[in-house]
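Reading the structure
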Amino acid sequence: MPEQVGEEEGRGLLRIGLAEVYNPSMEPTLRPGDLLVVRYGGAVRPGHVVVVRHPFQHDLLIVKRAVERRPGGWWVQGDNPSVRNDSREFGVVPDDLVVARAWVRLRPLRQVQRTPGALLGWLFSAVRPLFSRRLRAR
């Protein structure tokens, strides 16, 4: 997580930060290079995009979709069915390994022509809330 910002939120501290996506496990929703605005300690529900510590490598943070609550924690999966670095490989992720919930995806401004139309098109596709997303059957 590159950055963390604190701000008062009623009864506690709202902690937000940025996370960068490094691999294609969440394609097509997220691509490598995308930035996520995340909230640390936010409530997680099925369908949310979350940042979790890998159960076998606690120094490795991964971005997945929370699919469902199971005994012992969250079942998480990537949106890309061909990449299996998720609960299909390592099982349920305990609650204490869920680090943050993604709020917004920011797509980088790479390889975009600097014309008004191209920039406007990028803007509509680059900033996307991640609050609700239908789960896809696999």
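Residues numbered from 1 in each chain as written. Predicted model: local features only at pLDDT ≥ 70, side-chain atom pairs only at ≥ 80, totals over all residues. Heavy atoms only, no water.

With that settled, consider the environment of Arg88. With respect to the helices, strands and loops of the structure, Arg88 is situated in helix H1 (residues 87-90). Relative accessible area serves as the criterion here: at 24%, Arg88 is assigned to the partly exposed category. A C-alpha to C-alpha distance of 9.8 Å links Arg88 and Gly78, two positions 10 residues apart in sequence. Ignoring anything within four residues of it in the chain, the contact list for Arg88 reads Trp75, Gln77, Asn80, Pro81 and Val83. Within the local environment of Arg88, its side chain forms a polar contact with the backbone oxygen of Val83, the two atoms lying 3.0 Å apart. (Helix = DSSP H or I, 4+ residues; strand = E, 2+ residues; numbered from the N terminus. Buried < 20%, exposed > 50% of the residue type's maximum accessible area, 1.4 Å probe, protein only. Contact = heavy atoms within 4.5 Å. Polar contact = N/O pair within 3.5 Å; in protein donor to acceptor, adjacent residues only side chain to side chain.)

Further remarks concern the pairing of strand S7 (residues 98-106). Pairing analysis gives 6 bridges linking strand S3 (residues 35-40) to S7, with the strands arranged antiparallel. Bridging from a neighbouring strand, Leu36 pairs with Arg105 of S7. Here strand S4 (residues 49-53) runs beside S7; their pairing, made up of 3 bridges, is antiparallel. Bridging across to S7, Val51 finds its partner in Ala100. (Pairing = 2+ DSSP bridges.)

A word on the packing of aromatic side chains. In this structure the tally under the stated criterion is 0 aromatic pairs. For the cation-ring pair, Arg70 lies above Trp75, with the distance from its terminal atom to the ring centre recorded as 4.0 Å. (Phe/Tyr/Trp six-rings, centres within 6.5 Å; stacked < 30°, edge-to-face > 60°. Lys NZ or Arg CZ within 6 Å of the ring centre and 35° of its normal.)

Let us now look at the confidence of the model for the protein. Interpretation of the predicted coordinates at a detailed level should be avoided for regions scoring low in pLDDT. In this model, the protein carries a mean pLDDT of 81, and residues with pLDDT of at least 70 account for 71%. Ranking the elements of the protein by mean pLDDT puts strand S1 (residues 3-9) last with 42 and strand S6 (residues 73-77) first with 97. Confidence over residues 1-10 falls short of pLDDT 50; this stretch has 27 contacts with residues more than four positions distant or in other chains. Per-residue pLDDT stays below 50 along residues 132-138; that stretch engages in 14 contacts with residues further than four places along the chain or on separate chains. (pLDDT = per-residue confidence, 0-100.)

Moving on to the pattern of salt bridges. Inspection of the entire model under this criterion finds 4 salt bridges. A salt bridge links Asp79 to Arg65; its shortest N-O distance comes to 2.7 Å. Within this pair, whereas Asp79 is found in the loop between S6 and H1, its partner Arg65 is found in strand S5 (residues 61-70), the two being separated by 14 residues in sequence. Each member of the pair, Asp79 as well as Arg65, carries the same accessibility label: buried. (Salt bridge = Lys/Arg side-chain N within 4 Å of Asp/Glu carboxyl O.)

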